[in-house]
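Per-entry structural report
Here are the chains, one letter per residue:
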Amino acid sequence: MTSFIKTPSIFNSTSHRRSFIMSSSQSNGQNGQQYDDYYKLRHSAAHVMAQAVLERFPDAKITIGPPIKDGFYYDFDLGRKEDGSLRTFSPEDLDAIEKRMRQIIAGRFPFEKRVVSADEARALFADQPYKLELIDGLEAGGVDEYGEKIEGPVEISTYKQDTFEDLCRGPHVEHTGKIPPDGFKLLSVAGSYWRGDENRPMLQRIYGTAWKNKKELKAHLDWLEEVRKRDHRRLGKELDLFSTNHEMVGGGLILWHPKGALMRHLAEEHAKKLHLEGGYDFVNTPHIGRATLWETSGHLDFYREGMYAPIEIEGQEYYLKPMNCPFHVFIYKSRVRSYRDLPIRMAEWGTVYRFERSGTLHGLMRVRGFTQDDAHLFCAPEQMPTEIDKVLDFSLSLLRDFGFEQFQLYLSTRPEKRVGEEAKWDDSEEALLEALKRSGLPYGVNEGDGAFYGPKIDIYVTDALDRPWQLSTIQFDFNLPERFDLTYVGADGVQHRPYMIHRALMGSIERFFGVLIEHYGGIFPVWLTPVQVKIIPITDEQNEYAAQVMEQLKLAGLRVELDNSDGRMNAKIRNAQLQKIPYMLVIGGREAEADVVNVRLRNGKRLGTMSVDAFVTLAQEAVAERIAI
RNA sequence: GCCCACAUAGCUCAGUCGGUAGAGCACAUUCUUGGUAAGAAUGAGGUCAUCGGUUCAAGUCCGAUUGUGGGCUCCA
């Protein structure tokens, strides 16, 4: 079963080249973690913002306002309006708050720390119910900003600047003047729930970004602009790759257009070839299965909220599949398995459907129907370490083929509530850890973060904008082999329980494409780009020669389009450029005469004239090497 | 689902104080036949998301609905 773990907190972004905190266990604030300047700056900005908000909304209830990656936020409960609806921030409020923050900054008010008892704190925040709840929590033993439990009672402190005193561990900058007035900006308002729980009150959140100076702020705003420009939904439309239609087709359901489907085909073809070479067998399974299947697998117990309502067929209930595993299990069970059959590596590009709340749907990144490059490994215990090694290598090499170079690996170990024998947990966790070590790549361990059915490795890639994305996952499953009573006959003639490992390398192919589009910014490597070559005749005198060149290139296996519209060459080049087509072959009278093509690259570089054969060699090399030009 | 913002031509967007619909791109036709990121003219294209309300009059104001974007533990 694929599960989504949360991205680790990243506080120490000192530049736009972001870096990971390796493991959550090393970042406990109570154990001497160094709070960097950004932490203090952003945390202080949050307090200043809270002061400005309270001045404007005296009845507001304050909650929490932590520093976050690139900035800070603060959540407020503004109460309700006369008509019962929630009072909220308007864009004008944001402007006024930001202006007032600069005044407070100019006041150079010191941040003064005070250590108080729980009762003193309660008196101080008597009219702040959220703070009272926090104080109760602190008295009982705290939780740090990474969500890690802190044992025992915690020192309770407040920080005060000017008129505003907040329950806070700190630390802060010395005084408000240390916050650069032109280094921060309030970005947006958003709704959020107290403690992230939708059953608790809805709060109003203001997000801000804060940096050491104007230049850094500008760099960050530019980065945000770059993120916007690379948005896969925007590029998907511009490059005609895919679309969605919520009103008629439905939200979270992707329509792959010819060019997008072609890219997907190319990517899948490559991955499938590698799977076959890697000893995987492809299978195909249906989209629906009977309720008893999902009852036995445990999905209806543990995953029901992710599944759609049943379909009734002749009095029997069928469910749309949210995962492929139970079907693969039945292929395994279709006959008696011998140790000689193992390992079995069963792969399927399986399309699954999962319920996602409407508000969480997002382009290709979060959808309701998607295809996984799913596989299940069934192996004997002694084969397991080798299989783990292989699958990890496979995953990394596949991701490298798609241009990802930076990886971050996470091992999630046994949680409190779990199934399976301890010996299996021991073996599998060790095998995963050994494989991680052998990979030579940075990895972290999330103790207790595994699924109830087994430990797992998640692979995050870092994209061209330094953003982490979880793609691959390798998960043990001690649950399904038990529930479906999977066995194999060992050399000793008795029945044994095989290990079962789920793995998806690209994960969701939809999501993978979303990441890929943003990673490349639409400038896909030659092997993957839907149209590799655009032929641009200068006048229609050359149309015939151009068509002849196109045929030659097609015979050579290149994906070519001919622009014989009656526009000018400049316009044709511009169009090809906007479509980010790697090679433009400009053909005028001179080229037709000499039986050559004039090659222009999408980066603006001109390679001059060459024979068609020479160009074919050049392009084929780029395809084979998977290079991006 | 919940909070905020938004919804005008295929796309990107303008539309003032409420007075009856605009631009650029794309598309079609014609002219143009050119040397490395936009040649020109003409034309077609809109029930201003949907439904309801206020008004002499609604793209514009109000409400509901549908949909989109941002956000909903990065937890003192």
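For the structure, check the block above.
Please read these numbers as outputs of a predicted model, since none were measured by experiment. (Residues numbered from 1 in each chain as written. Chains lettered and ligands numbered in written order. Predicted model: local features only at pLDDT ≥ 70, side-chain atom pairs only at ≥ 80, totals over all residues. Heavy atoms only, no water.)

1. Concerning the pattern of salt bridges
Tallied over the full model, the rule gives 40 salt bridges. A salt bridge links Arg100 to Glu55; its shortest N-O distance comes to 2.4 Å. Remark: Glu55 occurs in helix H1 (residues 37–56) and Arg100 occurs in helix H2 (residues 91–106); sequence separation between them is 45 residues. Residue Arg100 is classed as partly exposed on the basis of its relative accessible area of 25%. We classify Glu55 as partly exposed; its relative accessible area is 37%. Note that Arg626 and Asp401 form a salt bridge whose closest N and O atoms lie 4.0 Å from each other. Taken together, the residues span a long stretch of sequence, with Arg626 in the segment after helix H18 (612–624) and Asp401 in helix H11 (residues 384–401) at a distance of 225 residues. By relative accessible area, Arg626 is classed as partly exposed at 27%. Taken together, the salt bridges that share partners define one network made up of Arg414, Arg418, Glu422, Asp426 and Glu429. (Salt bridge = Lys/Arg side-chain N within 4 Å of Asp/Glu carboxyl O. Helix = DSSP H or I, 4+ residues; strand = E, 2+ residues; numbered from the N terminus. Buried < 20%, exposed > 50% of the residue type's maximum accessible area, 1.4 Å probe, protein only.)

2. Details of helix H16 (residues 569–578)
Of all the residues in H16, the buried ones are Lys572, Ile573 and Ala576. Along H16, the residues classed as buried sweep out an arc of 100° about the axis, all on the same side. Check the buried side of H16 and you find it contacts strand S24 (533–537), strand S26 (583–587) and strand S27 (596–601). Of the residues one or two after H16, Lys580 is the one with positive phi, at around 60°. (Arc of directions from axis to C-beta. Contact = heavy atoms within 4.5 Å.)

Shape is all these values report; function is a separate question.
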